[in-house]
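These are the residues of each chain, in order.
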Amino acid sequence: MSSQVVLITGALTGIGRATAFAYAHEKAQIVVSGRRREAGLALAAELRDLGVEAEFIQADVRHEDDVRALVDQTVARFERLDVAVNNAGTEGTGGPITGQTVENYTAIFDTNVLGVLLSLKHQLRVMLPRGHGNIVNVSSVAGSVGFPNASVYVASKHAVEGLTRSAALEAAKSGVRVNAIAPGPIVTDMLNRFTGGSEDGKTFMTSLVPTGRLGNVEEVAQAILFLASDKAPFITGQSLAIDGGMLAG
Ligand SMILES: NC(=O)c1ccc[n+]([C@@H]2O[C@H](COP(=O)([O-])OP(=O)(O)OC[C@H]3O[C@@H](n4cnc5c(N)ncnc54)[C@H](O)[C@@H]3O)[C@@H](O)[C@H]2O)c1
């Protein structure tokens, strides 16, 4: 895996950031992407301090021009794209369906669904002709089951599961694999926002996990590395839950 060229969207925090560091330990060549330029440049510098080649490319996954340029600039810089981790996501605003708005739907679906669609489109554009590559979409346990007061987020992650399966089938003969990971509650900024940062919220989320604890970002990153590695050559179109048993119940 030593010289893999890896692109991660939404890489500046949480799971994306941990995945970038996990790939740095594998000596990959890494493109970290996100919306905030200064934070992105700082992350790329931190990764280079570990002795790997790393670049920041600014991109908002809702905008096709950004996503097209992100992929093209990655290939221009590192000559190819071996692994793409489509991690950028937003939880939007929760609450009952009766209180949902078009604005919230658009905010969540533009990033979580359109963002993944555009990412797949442009990543496959460069991977399919080479007959090589791995894509891992970051879904959620909310991609397989419902959660009250999170309907739009749940629907968006169900869409990510559908995009993953369809892309995997389209790419299957080419040698490109497309999989998803489905984290349960993982300690990140997003989980804090989801729970309102309260202890009660954390206790509630923990109570949903059979193993009795929240997950951490490194555990998710390792699952991404596995799915995108040559240790998983016959796995495509799958969604791997990293959820302490949540979906088993
Ligand atoms: N933390 C959890 O419990 C959990 C559980 C299941 C799934 N997930 C998923 O994991 C992924 C990462 O989330 P996280 O928990 O690390 O939270 P996070 O908020 O730290 O990370 C999300 C990142 O995506 C970026 N982002 C959002 N919209 C973007 C856009 N339009 N373009 C580019 N970047 C954008 C954010 O700025 C942020 O850096 C998300 O897709 C999320 O839905 C998280």
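Residues numbered from 1 in each chain as written. Predicted model: local features only at pLDDT ≥ 70, side-chain atom pairs only at ≥ 80, totals over all residues. Heavy atoms only, no water.

Per an unreviewed UniProt entry, the protein chain goes by the name SDR family oxidoreductase and belongs to Lichenicoccus roseus. Here is the UniProt Sequence similarities (unreviewed entry) comment for the protein chain, exactly as written: "Belongs to the short-chain dehydrogenases/reductases (SDR) family." (UniProt positions renumbered as here; feature names shortened; annotations may be inferred.)

### A few points about the UniProt feature "domain: Ketoreductase" (unreviewed entry) in the protein chain
Here, UniProt's "domain: Ketoreductase" (unreviewed entry) annotation points to residues 4–184. Taken end to end, residues 4–184 has its terminal C-alpha atoms 28 Å apart, with 50% of it in helix and 18% in strand. (Helix = DSSP H or I, 4+ residues; strand = E, 2+ residues; numbered from the N terminus.)

### A few points about the packing of helix α1 (residues 14–25) against helix α8 (residues 217–227)
The contact between α1 and α8 brings their axes to 8 Å, and the two run at 60 degrees. By the angle between their axes, α1 is oblique relative to α8. The hand of the α1/α8 crossing is right-handed. Where α1 abuts α8, its residues G14, I15, A18, T19, A22 and Y23 lie against V217, E218, V220, A221, Q222, I224 and L225. Along the lines of polarity and charge, the residues of the contact of α1 with α8 split into nine nonpolar, three polar and one charged. (Axes fitted to C-alpha atoms, helices over the stretch in contact; angles between N-to-C directions. Parallel < 35°, antiparallel > 145°, perpendicular 65-115°, else oblique. Left-handed = near helix turned anticlockwise from the far one by under 90°. Contact = heavy atoms within 4.5 Å. Nonpolar A, V, L, I, M, F, W, Y, C, P; charged D, E, K, R; others polar.)

### Let's talk about the environment of M127
If you trace the backbone, M127 turns up in helix α4 (residues 102–130). On the basis of relative accessibility, which here comes to 0%, the residue M127 falls in the buried class. The spatial distance from the C-alpha of M127 to the C-alpha of Q238 is 19 Å, given a sequence separation of 111 residues. If we skip the residues at most four places from it in the chain, M127 touches L81, D82, V83, A84, H132, G133, N134, I135 and V176. (Buried < 20%, exposed > 50% of the residue type's maximum accessible area, 1.4 Å probe, protein only.)

### Things to note about the site of the ligand
The immediate surroundings of the ligand are formed by 26 residues, with T13, I15, Y153, I186 and T188 found nearest. The separation between an oxygen atom of the ligand and a polar side-chain atom of K157 is 3.0 Å. Within the contact set of the ligand, an oxygen atom lies 2.9 Å away from a side-chain nitrogen or oxygen of R193. Contact with the protein chains removes 94% of the 820 Å² of surface that the ligand exposes when unbound. Broken down by secondary-structure element, the contributors of at least two residues to the shell around the ligand are α1, α5 (151–171) and α6 (189–194). At three residues, the largest contribution of residues to the shell around the ligand is made by α6. (Near = heavy atom within 4 Å. Polar contact = N/O pair within 3.5 Å; in protein donor to acceptor, adjacent residues only side chain to side chain. Areas by Shrake-Rupley, 256 points an atom, 1.4 Å probe, with all protein chains shown as cover.)

### Here we look at the pattern of salt bridges
Any two side chains of opposite charge can pair if their charged atoms end up close together. According to the stated counting rule, one finds 13 salt bridges in the structure shown. With its nearest N and O atoms 3.2 Å apart, the salt bridge here joins E53 to R77. Of this pair, E53 sits in the loop between α2 (37–49) and β3 (54–58) while R77 sits in helix α3 (residues 64–78), placing them 24 residues apart in sequence. The class for E53 is partly exposed, based on a relative accessible area of 37%. (Salt bridge = Lys/Arg side-chain N within 4 Å of Asp/Glu carboxyl O.)

### A look at unusual backbone geometry
Positioned with a positive phi, E79 is a non-glycine residue whose angle comes to about 75 degrees. Here E79 is to be found in the loop between α3 and β4 (83–86). E79 sits in the exposed class, given a relative accessible area of 69%. Positive phi, close to 70 degrees, is recorded for N149, a residue that is not glycine. Residue N149 is classed as partly exposed on the basis of its relative accessible area, which comes to 46%.

### Some points on the nonpolar core
Counting residues in hydrophobic clusters, the biggest one holds 35 residues, and the most contacted among them are Y23, I30, V32, L47, I181 and I224. The set of elements that each furnish at least two residues to this core consists of β1 (5–8), α1, β2 (29–34), α2, β3, β4, β5 (133–138) and α8. For I30, the contacting residues outside a window of four places in its chain are V6, I8, A20, Y23, A24, L47, V52, E53, A54, E55 and F78. By size, the runner-up hydrophobic cluster in this structure holds 27 residues, among which are V5, V116, L120 and L124. (Core = buried A, V, L, I, M, F, W, Y, C linked by side-chain atoms within 4.5 Å.)

### Topic: the side chain of S140
Residue placement: S140 occurs in the loop between β5 and α5. A distance of 2.8 Å separates the side chain of S140 from the backbone nitrogen of A142, its partner in a polar contact. When residues no more than four places from it in sequence are discounted, the contact partners of S140 are Y153, K157, E161, I181, A182 and P183.

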